Amino acid sequence: MLSEEQIARYERHGAVTIDGPFTDAELDRAEAAWDRLRASRTPPWAEPDYVDVIQHPFFEEVARRLLRADAAHLWWGLAPHERGPAEPPYLEPREQWSQGCHVDIQATLEDFESTPRRMRAELWIWLNEVPEHRGAMRILHGSHRTIMAHWSRVLHPAHKAMLPRVHGLRPPPVDPGDAAFPEHIPELSDTPWVDQQPTPAVARRGQILLLCSAGLHSAWQNRDTVPRKALGTSWVAEGVRCGLPKDQRDRLMTFFPELRKRLRPERRHIAPDRFDWLSESDYEPKWEETFPED
Ligand SMILES: [Fe+2]
């Protein structure tokens, strides 16, 4: 299911792609459910063929092993991710990277290396093939470690205690209209982040990307004629406190009970019915140490 070598690659690169458990017929059902969801206003938890994917024990078990946890549950839902074909003229790769690169999770290296890991495990299953030109996500291997080590150095202890949290940040320049402004990921080596080379997360249909989104990654233009189709899920170790912006926290507490009702009884624990593991964490008040004046 998940080899030591694959876990080591996740730790070193912040990402690894593994084989999934589904047959072609099961993937056909899941992809058809994805297509129906994109064509309707139905919420993803109301589509039984889609819920069946996420309640497969494989995901929970992979998350548990990746997070070195006795138990794990969902931290977010089962979003259908679409990367539709882009209209030419296409942007240059450097332009796409400089516009799109960001992190989603703020955590320290100690969070990542603890047992259980205090990190959000992103598990993305690809419902169709992901060749490089079909908008394969770009990931800057190893940046998760450099950036988490930075948070380890600069954050005040009281703030470290509020991690991990969903907190989207990017390298400068940050648009003054951006919620994070003026917070950013500072340059941490001689080569600016935007001049570093990300790797395309190519995959075969049914494979699963295990991503640590505390590192830099970016959406990418799809130069194909069909969309890239993914089901994104995220998980956390039992007992780890997680921060979410208020709007996301409110949404989670609304849709988890709906999802839970539709899970098989023996799978209900993956969507907890209590939320004491979830705290509210917004861009305000700012953490001053994350954007020093220099
Ligand atoms: Fe992201």
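My aim in this report is to walk through the structure given alongside it, one point at a time. This one's a predicted model, so the numbers in the text were calculated from it and none came from an experiment.

The rules behind these values
- Residues numbered from 1 in each chain as written.
- Predicted model: local features only at pLDDT ≥ 70, side-chain atom pairs only at ≥ 80, totals over all residues.
- Heavy atoms only, no water.
- Donors = N, O, S within 2.8 Å, 3.2 Å for Na, K, Ca; no water.
- Buried < 20%, exposed > 50% of the residue type's maximum accessible area, 1.4 Å probe, protein only.
- Helix = DSSP H or I, 4+ residues; strand = E, 2+ residues; numbered from the N terminus.
- Expected span 1.5 Å × (residues − 1).
- Bend = angle between axes of the 7 residues up to and from the residue.
- Contact = heavy atoms within 4.5 Å.
- Salt bridge = Lys/Arg side-chain N within 4 Å of Asp/Glu carboxyl O.
- Phe/Tyr/Trp six-rings, centres within 6.5 Å; stacked < 30°, edge-to-face > 60°.
- Lys NZ or Arg CZ within 6 Å of the ring centre and 35° of its normal.
- Pairing = 2+ DSSP bridges.

### Remarks on the coordination of the iron ion
Looking at the metal site, the iron ion is ligated by H102 (NE2), D104 (OD) and H217 (NE2), spaced 2.0 to 2.2 Å from it. Using a relative accessible area of 24% as the deciding quantity, one classes H102 as partly exposed. Residue classification places H217 among the buried residues on the basis of a relative accessible area of 5%.

### Considerations on helix α9 (residues 246-262)
Taking 1.5 Å of rise per residue, the 17 residues of α9 would be expected to cover 24 Å, and the 25 Å separating its terminal C-alpha atoms lies within 8% of that figure. Maximal helix bending in α9 amounts to about 25 degrees, located at F255; proline P257 follows within four positions. Taken together, the buried positions of α9 are R249, L252, F255, F256 and L259. Looking at the buried residues of α9, the elements they touch are α3 (48-54), β2 (72-74), β12 (242-244) and β13 (278-280).

### Brief notes about the pattern of salt bridges
Where charged atoms of side chains with opposite charge meet at close range, the side chains can pair. The tally for this structure, following the rule as stated, stands at 30 salt bridges. Residue R264 pairs with D52 through a salt bridge whose shortest N-O separation is 3.8 Å. Of this pair, R264 sits in the loop between α9 and β13 while D52 sits in helix α3, and the two are 212 residues apart along the sequence. Three or more residues are tied together by salt bridges with common partners; here these are R29, R36, E47, D49, D52, R264 and E266.

### Topic: the packing of aromatic side chains
For the structure shown, the criterion picks out 8 aromatic pairs. Taking the centre distance of 6.2 Å and the plane angle of 35 degrees together, the rings of F22 and F59 count as tilted. Taken as a pair, F22 in the loop between β1 (15-18) and α2 (24-39) and F59 in helix α4 (residues 57-66) lie far apart in primary sequence, 37 residues in all. Per residue, the accessibility class of F22 equals that of F59, and both read buried. Seen from their ring centres, W124 and W126 are 5.8 Å apart, and the 45 degrees between their planes marks the pair as tilted. W126 matches W124 in its accessibility class, with the two residues each being buried. Its guanidinium or amino end placed over the ring of W75, R120 lies 5.2 Å from that ring's centre, counting from NZ or CZ.

### Quick notes on the sheet that holds strand β10 (residues 217-218)
Taken in spatial order, the 3 strands make up an open sheet running β8-β6-β10, and their pairing is antiparallel. Looking at which strands have only one partner, the edges of the open sheet turn out to be β8 (199-200) and β10. Bridge count between strand β6 (residues 138-139) and β8: 2 bridges; the pairing is antiparallel. Within β8, the residue paired with I139 across the bridge is T199.

None of the figures reported here should be taken as evidence of function without further support.
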